[in-house]
Amino acid sequence: MTIIVTGAAGFIGSNLVKALNQRGITDIIAVDNLSKGDKFHNLADCEIAHYLDKHEFIQLVRDHHFLKMDIDAVLHQGACSDTMNHDGKYMMENNYQYTLDLLDWCQFERIPFIYASSAAVYGKGEVFREERPLEKPLNVYGYSKFLFDQVLRQRIHAGLTSQVVGLRYFNVYGMREQHKERMASVAYHHFNQYREQGFVNLFGEYGGYGKGEHSRDFISVEDIVKVNLFFLDNPDKSGIFNVGTGRSQPFNDLAAATVNACRVAAHQSPLSLAELVAQKLIRYVDFPDALVGKYQSFTQADITQLRLAGYTDDFLTVEQGVERYVAWMLENLG
């Protein structure tokens, strides 16, 4: 089995490569842009057959000069994921046109194609279901993902030659994201803040939500990988699917889980949220003026379509996922 993974040295891509290795699959073509060279660490403990620079790869695809071999699937994670990057030309080239070229090639060659979409397509919506009237992206990142999803809907209506699956990731955290720096998950930043300062800061009251009660559908990258592999194993299933837990948990839960996981690792007993706040291990800061009117206070994936597709596994809770993630960071990041 030969599988192409784009964004292979990135957060989700490298976790996919590792999971494929655990299945005994090493015939993997890893595609990425290593201009940021430190990302190589994410692949150092993985087995791959070949590495291609992203620009070289996409040119081979566009010219139909790609290596003559049987490709069993393309897992496309490569994209600009910086939601604060407002360069529309760059974003559309990296997230829309790149994905469209891969779709055309995969459809021509009849190769299953599983790609990363994003919950950013919903903007500030309150209902997160895979329906066009609910999709109102707020930035060019969300628009680039949204626009390609519309293309897929058109292609599905016209008829596909092979599987195409778009996975709308919600708030992903977990192993191998350290290179993302500012764009890494809140769990990653909480871990580092607690280790460096001895406490974690959360936003105070805003928009009808209490201190630390703004809420997200936090999903472990371990579950993201499992959903990708489910569709890899079921090439008869195509469509656009939310990938979240279906649960929304407050930032208080995330902060408490992070601090308590660090405490347990240091042979200290876990504490309740009230105790963590009383001991000033969790603190609250005024909601920043710069985010007023621009902040998403709540997300929760409607995973009905994912369940109807046959995915039955339970998702890790914040407490379970963060405990596993903190243990990994303590072992691998020092």
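Presented here is a report on the structure given in the accompanying data block. (Residues numbered from 1 in each chain as written. Predicted model: local features only at pLDDT ≥ 70, side-chain atom pairs only at ≥ 80, totals over all residues. Heavy atoms only, no water.)

On to the overall build of the protein chain. Looking only at helices and strands, one finds 10 helices and 13 strands in the protein chain. With the principal axes as the frame, the protein chain shows a C-alpha extent of 65 × 45 × 40 Å. Out of the 334 residues belonging to the protein chain, those deemed buried represent 52%. Long-range pairs, those at least 24 residues apart, make up 76% of the contacts in the protein chain with a sequence separation of at least 6. Put simply, the protein chain has 32 plus and 41 minus side-chain charges, and the middle of one group is 3 Å from the middle of the other. (Helix = DSSP H or I, 4+ residues; strand = E, 2+ residues; numbered from the N terminus. Buried < 20%, exposed > 50% of the residue type's maximum accessible area, 1.4 Å probe, protein only. Contact = heavy atoms within 4.5 Å. Lys, Arg positive; Asp, Glu negative; His and termini not counted. Charge placed at Lys NZ, Arg CZ, Asp CG, Glu CD.)

Judged by pairing direction, the sheet is parallel, and its seven strands sit side by side in the order β3-β2-β1-β4-β5-β6-β11 without closing on themselves. Every interior strand has two partners, whereas the edge strands, β3 (50-53) and β11 (239-243), have only one. Sheet twist, expressed as the mean angle between neighbouring strand axes with direction ignored, is 20°. Pairing between strand β6 (residues 164-169) and β11: five bridges, direction parallel. Bridge assignment links Arg168 to a residue of β11, and that residue is Asn242. Contacts from helix α1 (residues 11-22) reach β1 (3-6), β2 (28-32), β4 (73-76) and β6 within the one sheet, and its direction differs from that of β1 by about 155°. Strand contacts of helix α2 (residues 54-62): β1, β2 and β3, with the helix running at about 85° to β3, the strand carrying the most contacts. (Pairing = 2+ DSSP bridges. Axes fitted to C-alpha atoms, helices over the stretch in contact; angles between N-to-C directions.)

This next bit is on empty space enclosed by the protein. For the structure shown, the criterion picks out one cavity of 30 Å³ or more. Of the volumes computed, that of the largest cavity is approximately 50 Å³. Surrounding the largest cavity, His76, Gly78, Ala79, Asn95, Thr99, Tyr115, Ala116, Lys145 and Phe148 form its lining. Those elements that provide at least two residues to the lining of the largest cavity are α3 (88-109), β5 (113-118) and α4 (140-158). Of the residues that constitute the lining of the largest cavity, the class distribution is four nonpolar, four polar and one charged. (1 Å grid on protein atoms, 1.4 Å probe; cavity = no way out; pocket = protein on both sides within 12 Å on 5 of 7 lines; lining within 4 Å. Points joined across faces, edges and corners; volume = space filled by probe spheres on them. Nonpolar A, V, L, I, M, F, W, Y, C, P; charged D, E, K, R; others polar.)

Another aspect to go through is helix α6 (residues 221-233). Working note: α-helix, 3.6 residues per turn, so residues spaced by three or four point in the same direction. The terminal C-alpha atoms of α6, which comprises 13 residues, lie 18 Å apart, in line with the 18 Å expected from a rise of 1.5 Å per residue. Of all 13 residues in α6, 10 are buried; the element is thus mostly enclosed. Restricting attention to buried positions, one finds in α6 the residues Val221, Asp223, Ile224, Val225, Val227, Asn228, Leu229, Phe230, Phe231 and Leu232. With a side-chain oxygen lying 3.1 Å from the backbone nitrogen of Glu222, the N-terminal cap of α6 falls on Ser220. (Expected span 1.5 Å × (residues − 1). Polar contact = N/O pair within 3.5 Å; in protein donor to acceptor, adjacent residues only side chain to side chain.)

So, about the environment of Ile12. Take Ile12: it is sitting in helix α1. A relative accessible area of 12% places Ile12 in the buried class. For the pair Ile12 and Tyr173, spaced 161 residues apart in the sequence, the C-alpha separation amounts to 9.5 Å. Filtering out sequence-adjacent residues up to four positions away, Ile12 remains in contact with Gln77, Tyr169, Val172, Val221 and Ile224.

Core analysis: the biggest nonpolar cluster contains 76 residues, and Leu20, Leu167 and Phe231 have the highest contact counts within it. Once you skip the residues sitting within four places of it in the chain, Phe231 turns out to touch Ile114, Gln163, Val165, Leu167, Lys237, Phe241, Leu306 and Ala309. Grouped together as the second largest cluster of nonpolar side chains are 25 residues, Val61, Met92, Leu103 and Tyr115 included. (Core = buried A, V, L, I, M, F, W, Y, C linked by side-chain atoms within 4.5 Å.)

Within this structure, the stated rule accounts for 15 salt bridges. Residues Asp45 and Lys18 are paired through a salt bridge, measuring 3.7 Å at the closest nitrogen-oxygen approach. One end of the pair, Asp45, is in the loop between β2 and β3; the other, Lys18, is in helix α1, and 27 residues separate them in sequence. Under the relative-accessibility criterion, Asp45 is labelled partly exposed at 39%. Ionic pairing is found between Asp149 and Arg168, a salt bridge with its closest N-O pair at 2.9 Å. Here Arg168 lies in strand β6 and Asp149 lies in helix α4, a separation of 19 residues in the sequence. It is possible to trace a salt-bridge network through shared partners that takes in Glu135, Asp149, Arg153 and Arg168. (Salt bridge = Lys/Arg side-chain N within 4 Å of Asp/Glu carboxyl O.)

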